[in-house]
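Given next are the chains, with one letter for each unit.
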Amino acid sequence: MSAARDYNLEYRDNTRKYTYEFDYILRGYMMQSFVPFLVPGKALEMGCYKGEFTKLILKHFSDVTVVEAADELIDYCKREVSDDVKYIHATFETADLQAAYDAIFLMHTLEHLDDPVLVLKRINQWLTDQGRLFLVVPNADAPSRQIAVKMGLVPYNSAVIESERLHGHRKTYSLDTLEHEALSGGLKVIHRGGIFFKPLAGSQFDEALAAKVISAEYLEGCYKLGMIYPDLCASIFLVCEKGN
């Protein structure tokens, strides 16, 4: 990451909110997708935002470390999540991690990195022999994204629009480009998939939920449909193990 970046500024809302209530719902479905692949031991979360996923990690791991570049977010999580978590204020490129980890979570963060392959190579070194990386990014080919393209709001599926750029986005991934970078980082991909079929934008989901237009059963249906159509999900993910 560039030293010129202001990580405390990037997570703040601009013309587009950084996080919608839908995103917190999505995090729950992410962990639900990962549970069959978890192995016990030490966990590392790379980028914590306000700790909603950190809370989910703590339900499965007692030894949790967080690396976060925004010191304001670390202060927030120490107050609101848990001070039992070990917090490291550093970029992923400069973090000095002595331990090896059995689960590493890189959630909606790879798209923010200036040199993602470099970071993936470092992750490969931080995994134990039985450890697994859970790598998740927003999907360029989500139906809501494709609709935005047809509406003229986004020039093409994998574009990075200005509001995303201000939030630190550097790239928008599809499954093939995500897997290419994981393999370029030396990792071994053991599973791939999508999380939550996404017909609406995050803001539209928030409005529909507030108006009670859609129900918890509808959300569950979208999650199950996403298992059939991973290319049309809100997020795409890989489960990776240590490569040679």
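Residues numbered from 1 in each chain as written. Predicted model: local features only at pLDDT ≥ 70, side-chain atom pairs only at ≥ 80, totals over all residues. Heavy atoms only, no water.

To continue, consider the overall build of the chain. Scanning the chain from terminus to terminus reveals ten helices and seven strands. Over its C-alpha atoms the chain spans a radius of gyration of 17 Å, differing by no more than 12% from the 18 Å that the globule rule assigns to 244 residues. With the C-alpha coordinates of the chain rotated into their principal frame, the extents come out at 50 × 35 × 35 Å. By residue count, 54% of the 244 residues in the chain fall in the buried class. The positive charge centre, built from 26 side chains, and the negative charge centre, built from 34, are 2 Å apart in the chain. (Helix = DSSP H or I, 4+ residues; strand = E, 2+ residues; numbered from the N terminus. Rg over C-alpha atoms; globule rule 2.2 N^0.38 Å. Buried < 20%, exposed > 50% of the residue type's maximum accessible area, 1.4 Å probe, protein only. Lys, Arg positive; Asp, Glu negative; His and termini not counted. Charge placed at Lys NZ, Arg CZ, Asp CG, Glu CD.)

Between helix α2 (residues 21-34) and helix α10 (residues 216-228), whose axes approach to 12 Å, the crossing angle comes to 45°. With respect to their mutual orientation, α2 and α10 come out oblique. In this structure, α2 crosses over α10, and the sense of that crossing is right-handed. Within the contact between the two elements, α2 uses Ile25, Tyr29, Gln32 and Ser33 and α10 uses Leu219, Glu220 and Tyr223. For the contact of α2 with α10, a count of residues per class yields four nonpolar, two polar and one charged. (Axes fitted to C-alpha atoms, helices over the stretch in contact; angles between N-to-C directions. Parallel < 35°, antiparallel > 145°, perpendicular 65-115°, else oblique. Left-handed = near helix turned anticlockwise from the far one by under 90°. Contact = heavy atoms within 4.5 Å. Nonpolar A, V, L, I, M, F, W, Y, C, P; charged D, E, K, R; others polar.)

What follows is about the nonpolar core. Counting residues in hydrophobic clusters, the biggest one holds 38 residues, and the most contacted among them are Phe34, Phe53, Phe105, Ile195 and Phe196. Ranked by the residues each element gives to this core, the list is headed by α2, at six residues. With residues up to four places along the chain from it excluded, the contact list for phenylalanine 105 reads Met31, Phe34, Leu38, Ala43, Leu44, Glu45, Met46, Phe53, Ile57, Phe61 and Phe134. Among the nonpolar cores identified, the runner-up in size contains 29 residues, and Phe92, Leu110, Leu127 and Cys240 belong to it. (Core = buried A, V, L, I, M, F, W, Y, C linked by side-chain atoms within 4.5 Å.)

Attention shifts here to the state of the cysteines. Inspection of the entire model under this criterion finds zero disulfides. Looking at the unpaired cysteine 222, the closest cysteine sulfur is the one in cysteine 233, lying at 9.4 Å. Residue class for cysteine 222 comes out buried when judged on its relative accessible area of 5%. Counting only cysteine sulfurs, cysteine 233 is the nearest neighbor of cysteine 240, a cysteine outside any disulfide, at a range of 17 Å. Owing to a relative accessible area of 0%, cysteine 240 belongs among the buried residues under this scheme. (Disulfide = S-S within 2.5 Å.)

Here threonine 128 lies in strand β5 (residues 127-138). Note on threonine 128: relative accessible area 14%, which makes it buried. Beyond its immediate stretch of four places on either side in the chain, threonine 128 contacts Ala100, Tyr101, Asp102 and Lys242.

Two elements in contact, α2 and helix α9 (residues 202-210), have axes separated by 7 Å at closest approach and are oriented at 95°. One finds that α2 runs roughly perpendicular with respect to α9. Contacts between α2 and α9 pair Glu21, Phe22 and Ile25 from the former with Gly202, Phe205, Asp206 and Leu209 from the latter. Each residue belonging to the contact of α2 with α9 can be placed in one class, and the counts come to four nonpolar, one polar and two charged.

One pass over the structure, following the stated rule, counts ten salt bridges. Ionic pairing is found between aspartate 63 and lysine 86, a salt bridge with its closest N-O pair at 2.8 Å. Of the two residues, aspartate 63 sits in strand β2 (residues 63-68) while lysine 86 sits in strand β3 (residues 86-89), which places them 23 residues apart along the sequence. For the salt bridge of glutamate 181 with lysine 171, the shortest nitrogen-to-oxygen distance reads 2.5 Å. Of this pair, glutamate 181 sits in helix α8 (residues 175-184) while lysine 171 sits in the loop between α7 (162-166) and α8, and the two are ten residues apart along the sequence. On the accessibility criterion, lysine 171 (33% relative accessible area) is partly exposed. Each of Arg5, Asp114 and Arg170 takes part in one network of salt bridges that share partners. (Salt bridge = Lys/Arg side-chain N within 4 Å of Asp/Glu carboxyl O.)

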